[in-house]
Amino acid sequence: MNSSPTHFIRRTPPQIRKGVYELYWTFASRRQAAFEARLAGKSQPWTPDPILQIYKFCNVFRAADRVSQFMIKDVAYGQDAETTARDRVFQITAFRTFSNIATWESVAYELGGAPRLDHLRSGEFERALDRVKARNGGLYTGAFILCANKAFGFDEKHRNHVALFKHMFLDHSCGERVLQAPSLEAVVELLQSFPLMGPFMAYQTAIDLNYSELLDFSENDYTQAGPGALRGLKKAFTDLGDYSPADTILWMVDRQDEEFRRLELPFRGLFGRRLHGIDCQGLFCELDKYCREAVPELTSARSRIKAKYSGSGGDIGLFFPPKWQLASSGVVRASRAVSGAREGSRATVVRPKSIKVAREKFAVADLFA
């Protein structure tokens, strides 16, 4: 399940943008090395890369990020004896919609346990959300751009989502249909068929469902490029040739060993687990962000990185789907931003040399000269 079953027989392959394409792999190597250094208990900075020291970037592996870690351990593998398989599908879908740990924990506290379909049916789930919103001031994260929120006629976003969940799980048996789906793509298509579930949110939710014991598809069976990944693809390639964005992402999955070896970049994966479609998709999004500092000459719809690294708020005990059989252990310790010039202010970033992206002899080393 670790290798992609896709074999591309195409007339015109993607055309790389020299230097920036290589930076995709360089970023992956450096960002993962920083994660491993932190896990090993080393002190900051965990990387010599000045951009990674200053700005916030997601982990190379989606499953290692803080919100995904919580979702896997506390939602997908939550220990609630009353939760059924259909309840679990609802829980995972609801958690990803809000993508907010504080919201989930507060709702579970209000209900005396994880929300179930009975809570949705009785109205208890909605009333719990009302109380949490009044107390916390909000329910959602800003990590995802959600579809227009009045599809069910309510002014408040969370009431439309409650109506969506009732529509999905009580009226149209979404739980049963997910459990019977023959492929990862079929799960995405099913979720996407409902209001408010845009293509990318449907894909992200399907990946979360696939982390659980409910499904067991390869993450390389299907992928989809989100808005950030599409921007990253435009920076890494001058033309995709006959490949779609999704094809190109899986093309990168297939090339990873060759490229890390060619560029002499250390990369051990996630406790031995290779990059999969969801990870390579996310890396394109992070490449887009990274290039705003590393290669500002490349035009982008986004001109700057908004979030600076400020340290995490608590320890994270790593937990990955047991079916992956990873030899993973350890705790990602809470930390604060590095002191001195880097804390709360912009450190001196080593700017790349001015480049012309079409120049044939441009090298990765130029970006860090």
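Residues numbered from 1 in each chain as written. Predicted model: local features only at pLDDT ≥ 70, side-chain atom pairs only at ≥ 80, totals over all residues. Heavy atoms only, no water.

K.L.:
Tell me about the overall build of the protein, and please be specific about residues and values.
P.N.:
A count of helical and extended segments in the protein gives 14 helices and four strands. Burial status across the protein gives 52% buried among its 369 residues. Considering only contacts within the protein whose residues lie at least 6 apart along the sequence, 74% involve residues at least 24 apart. When the accessible surface of the protein is summed, it comes to about 17,100 Å², and 49% of that surface belongs to carbon and sulfur atoms. (Helix = DSSP H or I, 4+ residues; strand = E, 2+ residues; numbered from the N terminus. Buried < 20%, exposed > 50% of the residue type's maximum accessible area, 1.4 Å probe, protein only. Contact = heavy atoms within 4.5 Å. Areas by Shrake-Rupley, 256 points an atom, 1.4 Å probe, with all protein chains shown as cover.)

K.L.:
How would you sum up helix α4 (residues 85–98)? Please name residues and give values.
P.N.:
Here α4 spans 20 Å end to end across 14 residues, near enough to the 20 Å set by a 1.5 Å rise per residue. Counting buried positions over the 14 residues of α4 gives 12, a clear majority of the element. Within α4, burial applies to Asp87, Arg88, Val89, Phe90, Gln91, Ile92, Thr93, Ala94, Phe95, Arg96, Thr97 and Phe98. Where α4 terminates, the next one or two residues include Ser99, which has phi positive at roughly 50 degrees. (Expected span 1.5 Å × (residues − 1).)

K.L.:
Please provide a residue-by-residue account of the nonpolar core, values included.
P.N.:
If you look at the biggest cluster of nonpolar residues, it comprises 97 residues, and the most contacted ones within it are Phe125, Phe165, Leu191, Met252, Leu275 and Phe284. Once residues lying within four places of it in the same chain are set aside, the contact partners of Leu275 are Trp25, Val60, Phe61, Val253, Gln256, Phe260, Phe267, Cys280 and Leu283. (Core = buried A, V, L, I, M, F, W, Y, C linked by side-chain atoms within 4.5 Å.)

K.L.:
Describe unusual backbone geometry, listing the residues and the values that go with them.
P.N.:
The omega angle of the peptide bond from Gln44 to Pro45 is -5 degrees, so this bond is cis rather than trans. Phi angles above zero are rare outside glycine, and Leu196 is one such case at about 70 degrees. Within the secondary structure, Leu196 sits in the loop between α10 (184–192) and α11 (199–211). Residue classification places Leu196 among the buried positions, given a relative accessible area of 10%. The backbone of Gln325 sits at a positive phi, close to 55 degrees, despite the residue not being glycine. Note on placement: Gln325 falls in the loop between β3 (316–317) and β4 (331–332). Gln325 sits in the exposed class, given a relative accessible area of 73%.

K.L.:
Residue-level account of the pattern of salt bridges, with values.
P.N.:
The full count for this structure, using the stated rule, is 24 salt bridges. Between Arg159 and Glu156 there is a salt bridge; the shortest N-O distance is 2.7 Å. Note on Glu156: relative accessible area 30%, which makes it partly exposed. Between Lys235 and Asp288 there is a salt bridge, with its nearest N and O atoms 2.8 Å apart. Residue Lys235 is located in helix α12 (residues 227–236), and its partner Asp288 is located in helix α14 (residues 277–294); the two are separated by 53 residues in the primary sequence. Exposure remark for Asp288: the relative accessible area of 0% places this residue in the buried category. When salt bridges with common partners are traced through the structure, they connect Glu126, Asp130, Lys133, Glu156 and Arg159 into a single cluster. (Salt bridge = Lys/Arg side-chain N within 4 Å of Asp/Glu carboxyl O.)

K.L.:
Quick rundown of the packing of aromatic side chains? Include the residues and the values.
P.N.:
Applying the stated rule across the entire model yields 26 aromatic pairs. The interplanar angle of 55 degrees and the centroid separation of 6.3 Å between the aromatic rings of Phe125 and Phe165 together place this pair among those described as tilted. In this pair, Phe125 sits in helix α7 (residues 124–136) while Phe165 sits in helix α8 (residues 157–171), placing the two residues 40 residues apart along the sequence. Each member of the pair Phe125 and Phe165 is classed as buried. An aromatic cluster is defined as three or more aromatic residues linked by ring pairs; in this entry it consists of Tyr21, Tyr24, Trp25, Phe61, Phe237, Tyr243, Trp251, Phe260, Phe267 and Phe284. Its guanidinium or amino end placed over the ring of Tyr140, Lys157 lies 4.5 Å from that ring's centre, counting from NZ or CZ. Note that Arg273 overlies the ring of Trp324, its terminal NZ or CZ placed 3.6 Å from the centroid. (Phe/Tyr/Trp six-rings, centres within 6.5 Å; stacked < 30°, edge-to-face > 60°. Lys NZ or Arg CZ within 6 Å of the ring centre and 35° of its normal.)

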